[in-house]
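Overview (structure and organization)
So you can see what is in the structure, the chains are spelled out below.
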Amino acid sequence: KVVAVIMVGGPTKGTRFRPLSLNIPKPLFPLAGQPMVHHPISACKRIPNLAHVYLIGFYEEREFALYVSSISNELKVPVRYLKEEKPHGSAGGLNNFSDLIMEDNPSHILVLNCDVCCSFPLPEMLEAHKKYGGMGTILVIKVSAESAYQFGELVADPVTKELLHYTEKPETFVSDLINCGVYIFTPHIFTAIQGVSTQRKDRANLRRLSSFEALQSTTRSTPTNFVRLDQDILSPLAGKKQLYTYETLDFWEQIKTPGMSLKCSALYLAQFRFAYPHLLAGGDGIKSASIVGDVYIHPSAKVHPSAKIGPNVSISANARIGAGARLISCIILDDVEIKENAVVIHAIVGWKSSIGRWSRVQASGDYNAKLGITILGEAVTVEDEVVVINSIVLPNKTLNVSVQEEIIL
Ligand code: GDD
């Protein structure tokens with residue numbers, strides 16, 4: 001049997017995702033019309049004998065209750081949210097629930113970060129993992145040397161694929177091969193995590209015995225049950241024939257900012273074109289608006305036949321798109337109204353917002369720049385004939401004049 005664990009973090013993380021994370025936990029923000037966490041969960045479903053999917057985080061349980069019950073029914077695999085009282089680090093969080101995870105007596109445990117976007121080649125990775133015979137296999141990818149510092153950089157044996165060296169977000173360049181945040185472990189991972197905690201406890205005790213210096217250092221040092229998968233487990237185990245790597249040649253991105261969510265929405269829509277074409281608009285002939293490229297439209301949304309939509313557009317529940325509207329590269333959230341002849345390009349339009357007639361909400365589309373996409377928070381009103389360019393507008397604002405490169409608080 002196999003158990004999957006998705007690390008979802010909590011409200012104190014994901015701050016770069018504001019203002020969108022003010023309304024919804026980041027893991028539930030829709031990409032290609034599905035909650036972010038839905039993509040890794042449905043990838044796990046491709047593994048035979050999947051017994052359970054656990055989401056581990058420190059958000060309130062009620063925020064995930066609706067989602068986990070509906071996805072359990074849909075996938076016919078029990079999905080449960082497990083709440084940590086406080087953050088224990090990615091490995092500490094996993095270890096907290098080791099007894100529960102081991103109840104299914106799994107031979108393998110999949111561990112996935114929720115904020116990565118990729119094709120999750122899990123069946124292929126599991127096969128490679130079994131062949132290597134180690135305790136864990138890490139999904140890795142080659143990125144540009146300039147961007148590698150944002151991730152865990154690693155060196156692998158070109159022939160055996162063994163992980164030889166691992167450094168988390170190094171200051172000086174180590175390698176352009178990086179950690180994708182997708183792992184397959186045997187249950188021995190728990191022994192390794194508990195080993196690190198015990199070592200920490202022993203050291204703390206020693207310090208306490210040695211001198212009054214202890215008083216100062218115990219307050220400063222990391223709590224013994226805070227263990228990070230990358231720094232505390234991968235780094236020390238590199239080069240010990242226990243960890244191996246599986247390189248993906250497919251797409252991979254990290255989703256820390258709203259700009260990246262727009263880019264990842266496009267990647268998932270493109271994947272739907274091959275994997276689930278029935279989810280895309282235009283395929284069924286029901287939506288009569290003119291559709292360009294990959295577009296997702298929720299069945300409850302109303303789109304005027306003279307609107308032109310796409311590419312890379314996701315329209316959520318109960319949105320209304322008026323006559324002559326033009327939408328390109330955007331995410332339109334629930335209950336939004338876009339009035340006649342409005343234009344939306346490279347933007348995220350928050351829940352219940354409204355965009356007036358002949359208005360334009362747009363940006364340059366540089367997904368990595370702070371103001372590279374325009375974001376309207378919840379319940380923002382853009383009045384008729386107003387132009388909003390490269391700006392972020394916080395919830396509940398009304399714009400009656402045009403703005404450019406501004407953050408409206
Ligand atoms: N439950 C829980 N508890 N989840 C956590 C905690 C915790 O205490 N801390 C982090 N997470 C979750 C986050 O929500 C995220 O999904 C994942 O664990 C990793 O988050 P971070 O530890 O903040 O690391 P990161 O995202 O900056 O970098 C990691 O992922 C990169 C790939 O996206 C590292 O492993 C990098 O090496 C890697 O390249």
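Anyway, here's the lowdown on the structure attached to this text. (Residues numbered from 1 in each chain as written. Predicted model: local features only at pLDDT ≥ 70, side-chain atom pairs only at ≥ 80, totals over all residues. Heavy atoms only, no water.)

**As for helix 5 (residues 122–132)**
- When helix 5 is considered as a whole, its buried residues turn out to be L122, M125, L126, A128, H129 and Y132. Considered in projection along helix 5, the buried side chains sweep an arc of 165° and stay on one side of the axis. In helix 5, those exposed residues whose orientation departs by more than 90 degrees from the buried face are E127, K130 and K131.
- Against helix 1 (38–44), strand 6 (108–113), strand 8 (136–142), strand 11 (177–185) and strand 12 (243–247) lie the buried residues of helix 5.
- Phi for G133, located one or two positions after helix 5, is positive at around 75°. (Buried < 20%, exposed > 50% of the residue type's maximum accessible area, 1.4 Å probe, protein only. Helix = DSSP H or I, 4+ residues; strand = E, 2+ residues; numbered from the N terminus. Arc of directions from axis to C-beta. Contact = heavy atoms within 4.5 Å.)

**Regarding the side chain of E168**
- Mapping E168 onto the fold places it in strand 10 (residues 163–168).
- Residue E168 is classed as buried on the basis of its relative accessible area, which comes to 16%.
- In terms of polar contacts, E168 uses its side chain to reach the side chain of Y166, at 2.6 Å.
- At 2.9 Å, the side chain of E168 forms a polar contact with the side chain of K169.
- Not counting residues up to four positions away in its chain, the partners in contact with E168 are F151, G152, D230 and Q231. (Polar contact = N/O pair within 3.5 Å; in protein donor to acceptor, adjacent residues only side chain to side chain.)

**Regarding the packing of aromatic side chains**
- In total, this model carries 9 aromatic pairs according to the counting rule given.
- Here the aromatic rings of F151 and W252 are separated by 5.3 Å at their centres, their planes lie at 75°, and the arrangement is edge-to-face. With a gap of 101 residues between them, F151 in the loop between strand 8 and strand 9 (152–156) and W252 in strand 13 (residues 252–254) connect regions that are remote in the sequence.
- For W252, a relative accessible area of 8% corresponds to the buried category.
- An aromatic cluster is present here, built from F17, F29 and W351 joined pairwise through their rings. (Phe/Tyr/Trp six-rings, centres within 6.5 Å; stacked < 30°, edge-to-face > 60°.)

**A few points about the site of the ligand**
- Neighbouring residues of the ligand: 29 residues in total, closest E84, G89, E168, N179 and K256.
- With respect to the ligand, the backbone of G152 contributes an N or O atom lying 2.9 Å from an oxygen atom.
- With respect to the ligand, the side chain of Y166 contributes an N or O atom lying 2.9 Å from an oxygen atom.
- Contact with the protein chains covers 92% of the free accessible surface of the ligand, which is 730 Å².
- For the shell around the ligand, the secondary structure elements donating two or more residues are strand 1 (2–9), strand 4 (50–57), helix 3 (89–96), strand 10, strand 11 and strand 13.
- Looking at the shell around the ligand element by element, the count peaks at 4 residues for strand 11. (Near = heavy atom within 4 Å. Areas by Shrake-Rupley, 256 points an atom, 1.4 Å probe, with all protein chains shown as cover.)

**Some thoughts on the pairing of strand 9**
- Summarising burial for strand 9: 4 of the 5 residues are buried, a large majority.
- Alignment of strand 9 against strand 10, held across 5 bridges, turns out to be antiparallel. Note on strand 10: the bridge partner recorded for E153 is T167.
- Hairpin connection from strand 9 to strand 10: 6 residues lie between these consecutive antiparallel strands, with K161 at a positive phi of about 70°. (Pairing = 2+ DSSP bridges.)

**Things to note about the environment of I392**
- The topology assignment puts I392 in strand 28 (residues 392–393).
- When its relative accessible area of 9% is taken as the criterion, I392 is described as buried.
- Separated by 363 residues in sequence, I392 and F29 place their C-alpha atoms 17 Å apart.
- Apart from residues no more than four positions distant in its own chain, I392 is found in contact with P19, K370, L371, I375, E406, I407 and I408.

**Some remarks on the pairing of strand 4**
- Of all 8 residues in strand 4, 8 are buried, a share of seventy percent or more.
- Summarising the sheet, strand 1 and strand 4 pair through 7 bridges and their orientation is parallel. Its bridge partner being in strand 4, M7 is matched across the sheet by I56.
- The pairing of strand 4 with strand 5 (residues 79–83) spans 5 bridges and is parallel. Within the sheet, the bridge partner assigned to I56 lies in strand 5 and is L82.
- Handedness of the β-α-β unit built from strand 4, helix 2 (residues 61–75) and strand 5 comes out right-handed. (Right-handed = clockwise from strand over helix to strand, strands pointing away.)

**Examining the pattern of salt bridges**
- For the structure shown, the criterion picks out 13 salt bridges.
- The partner of K169 in a salt bridge is E168, with the nearest N and O atoms 2.9 Å apart.
- Ionic pairing is found between K263 and E253, a salt bridge with its closest N-O pair at 3.3 Å. With a gap of 10 residues between them, K263 in helix 9 (residues 258–275) and E253 in strand 13 connect regions that are remote in the sequence.
- For E253, a relative accessible area of 22% gives the class partly exposed.
- Within the structure, one salt-bridge network assembled from shared partners comprises K26, D115 and K256. (Salt bridge = Lys/Arg side-chain N within 4 Å of Asp/Glu carboxyl O.)

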